[in-house]
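# Summary of structural features
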Amino acid sequence: MAETVHSPIVTYASMLSLLAFCPPFVILLWYTMVHQDGSVTQTFGFFWENGVQGLLNIWPRPTLIAWKIIFCYGAFEAALQLLLPGKRVEGPISPAGNRPVYKANGVAAYFVTLATYLGLWWFGIFNPAIVYDHLGEIFSALIFGSLIFCVLLYIKGHVAPSSNDSGSCGNLIIDFYWGMELYPRIGKNFDIKVFTNCRFGMMSWAVLAVTYCIKQYEINGKVSDSMLVNTILMLVYVTKFFWWEAGYWNTMDIAHDRAGFYICWGCLVWVPSVYTSPGMYLVNHPVELGTQLAIYILVAGILCIYINYDCDRQRQEFRRTNGKCLVWGRAPSKIVASYTTTSGETKTSLLLTSGWWGLARHFHYVPEILSAFFWTVPALFDNFLAYFYVIFLTILLFDRAKRDDDRCRSKYGKYWKLYCEKVKYRIIPGIY
Ligand code: NDP
């Protein structure tokens, strides 16, 4: 069996339950937000009366219009990824010693996408409210389409891997769930994970945030300040993501997690449905916060997004300059850590132990979670479901911090131990 962080029984149980429960959860979330006023109690009452048959009744069939919307959006994003110009960027050295090369055209793709979407609306060619009206069918089509996509990735990993950063662990479920290839490509240039994670998943977040705003405008003839704060914060976050997209190619999602159900299905389905859900909730629940409170929340949210960005920037600048940069105005303190690649080569990496990275080993997750809180809190506290993403994100990032610590411990050995002695806390300084 492949090396896993948790015990084999926990690993299998969590993989199988995520495979089984994530798809219906996406439908239940949408149904509760859009048709049950965001009330979990109302949805529970519905299932109490209708049982499992109720789920089949509410599960929208993937309609032709849903497939058309997904296909046009996906094809447009793929074309932008391939055709827009961008700087050549090298990713980090892979475990097998390869260095993937990317074209950094994310910011251009982001602005072209939003300008096109708003242009289509402005000139009356396509009304984004249609996307909201067919959201259930779109999520349903995404659920099934992405499952097929993950099966194709699994087959590709077996028959036509793009590089030697691939291979089977000998277990079909683990191979399907965690993926076969680290950097699958179509041809030499079309990187599949850049497409699924960035250009389809993260881009859909911005597109849907705008969609929800427009839908509320269509319903009420105006946009509430709560919706405005939510949309602006989500857009600032996604803009930051694309601004820093080449940095994202150095993170765990791209450099360590293989292309399987966990990452690809997650980005194709979970990001558009769950990550955008606070905005989905606000469409039918406009709250007027008043200018002062709205501005406070907006400023707090922007500050958290900035700190999260600055943590990532600090680490990458430190690595890029080989430690020859200033961190919070001083020369950085560091550990020179050596490790061995799977092909037996010895390499060194620098670990930053000052700045944000001296506060805790994964301090950057704190502002990430707080940003999500600030774009949800405009919904106030009538329904807990609006906070589902914040709760999910907290669990995800605490688990991720453990996964990353375990991976780094096995990669760097005594150097990682030294880092843990110097920087004692995992996420929250002084607490955890
Ligand atoms: P990163 O991959 O950016 O950072 C962890 C990696 O950095 C480690 O695997 C290690 O890799 C290297 N590293 C660890 N400690 C140090 C150090 N002290 N100095 C230098 N390098 C170090 O983390 P994430 O991918 O988790 O996060 C990236 C961004 O994405 C964050 O902003 C995070 O908040 C966000 N995020 C958002 C999620 C969401 O769903 N909204 C989910 C996950 C992340 P190496 O092998 O190179 O040494």
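Provided above is the structure to which this section pertains.
In this report, we go over the structure that sits alongside the text. In this text the structure is predicted, and so the values were computed from the model without any measurement. (Residues numbered from 1 in each chain as written. Predicted model: local features only at pLDDT ≥ 70, side-chain atom pairs only at ≥ 80, totals over all residues. Heavy atoms only, no water.)

For the chain, the helix and strand inventory stands at 18 helices and six strands. The C-alpha radius of gyration of the chain comes to 22 Å, within 12% of the 22 Å expected for a compact globule of 432 residues. Out of the 432 residues in the chain, the part that is buried amounts to 54%. Intrachain contacts of the chain at a sequence separation of at least 6 include 76% that bridge at least 24 residues. (Helix = DSSP H or I, 4+ residues; strand = E, 2+ residues; numbered from the N terminus. Rg over C-alpha atoms; globule rule 2.2 N^0.38 Å. Buried < 20%, exposed > 50% of the residue type's maximum accessible area, 1.4 Å probe, protein only. Contact = heavy atoms within 4.5 Å.)

What follows is about the state of the cysteines. All told, the structure shown has zero disulfides when counted by the stated rule. Free cysteine: Cys-150, not disulfide-bonded; nearest cysteine sulfur from Cys-264 at 5.8 Å. With a relative accessible area of 2%, Cys-150 lands in the buried category. Unpaired in this structure, Cys-304 has its nearest cysteine sulfur neighbour in Cys-311, at a distance of 11 Å. Overall, the relative accessible area of 8% leaves Cys-304 in the buried class. (Disulfide = S-S within 2.5 Å.)

Applying the stated criterion to the full structure yields 44 aromatic pairs. Seen from their ring centres, Phe-25 and Phe-388 are 4.7 Å apart, and the 35° between their planes marks the pair as tilted. Placement of Phe-25 in helix α1 (residues 8-35) and of Phe-388 in helix α17 (residues 388-412) is noted, with a sequence separation of 363 residues between them. Judged by relative accessible area, Phe-388 falls into the buried class, the value being 18%. Consider the rings of Tyr-102 and Trp-249, whose centres lie 4.5 Å apart with planes at 25°: the pair is stacked. Within this pair, whereas Tyr-102 is found in strand β2 (residues 101-104), its partner Trp-249 is found in the loop between α10 (245-248) and α11 (252-255), the two being separated by 147 residues in sequence. The two residues Tyr-102 and Trp-249 agree in class, both being buried. Among the aromatic residues, those joined into a cluster by ring pairs are Phe-25, Trp-205, Tyr-237, Trp-270, Tyr-275, Trp-375, Phe-388, Tyr-389 and Phe-392. Across the ring face of Tyr-102, the terminal group of Arg-185 is positioned such that the distance to the ring centre comes to 5.2 Å. (Phe/Tyr/Trp six-rings, centres within 6.5 Å; stacked < 30°, edge-to-face > 60°. Lys NZ or Arg CZ within 6 Å of the ring centre and 35° of its normal.)

Our focus in this paragraph is the site of the ligand. What surrounds the ligand is a group of 29 residues, the closest being Asp-312, Tyr-365, Glu-368, Asp-404 and Tyr-412. Here an oxygen atom of the ligand and a side-chain polar atom of His-364 are 3.4 Å apart. Starting from 910 Å² of accessible surface for the ligand in isolation, the protein chains cover 94%. Sorting elements by how many residues they give to the shell around the ligand places α17 first, with ten residues. For the shell around the ligand, the class distribution of residues is 17 nonpolar, four polar and eight charged. (Near = heavy atom within 4 Å. Polar contact = N/O pair within 3.5 Å; in protein donor to acceptor, adjacent residues only side chain to side chain. Areas by Shrake-Rupley, 256 points an atom, 1.4 Å probe, with all protein chains shown as cover. Nonpolar A, V, L, I, M, F, W, Y, C, P; charged D, E, K, R; others polar.)

Here we take up the pattern of salt bridges. Applying the stated rule across the entire model yields 17 salt bridges. Ionic pairing is found between Asp-405 and Arg-361, a salt bridge with its closest N-O pair at 2.8 Å. Remark: Arg-361 occurs in the loop between α15 (356-359) and α16 (365-376) and Asp-405 occurs in helix α17; sequence separation between them is 44 residues. In this structure, Arg-426 and Asp-405 form a salt bridge, with 2.9 Å as the shortest nitrogen-oxygen distance. (Salt bridge = Lys/Arg side-chain N within 4 Å of Asp/Glu carboxyl O.)

Of note, the phi angle at Asn-322 is positive, near 60°, even though the residue is not glycine. Within the element layout of this structure, Asn-322 appears in the loop between α14 (291-320) and β5 (334-340). Residue classification places Asn-322 among the partly exposed residues on the basis of a relative accessible area of 49%. Even without being glycine, Leu-380 reaches a positive phi, approximately 55°.

Take it as geometry only, folks, not as evidence of what the structure does.
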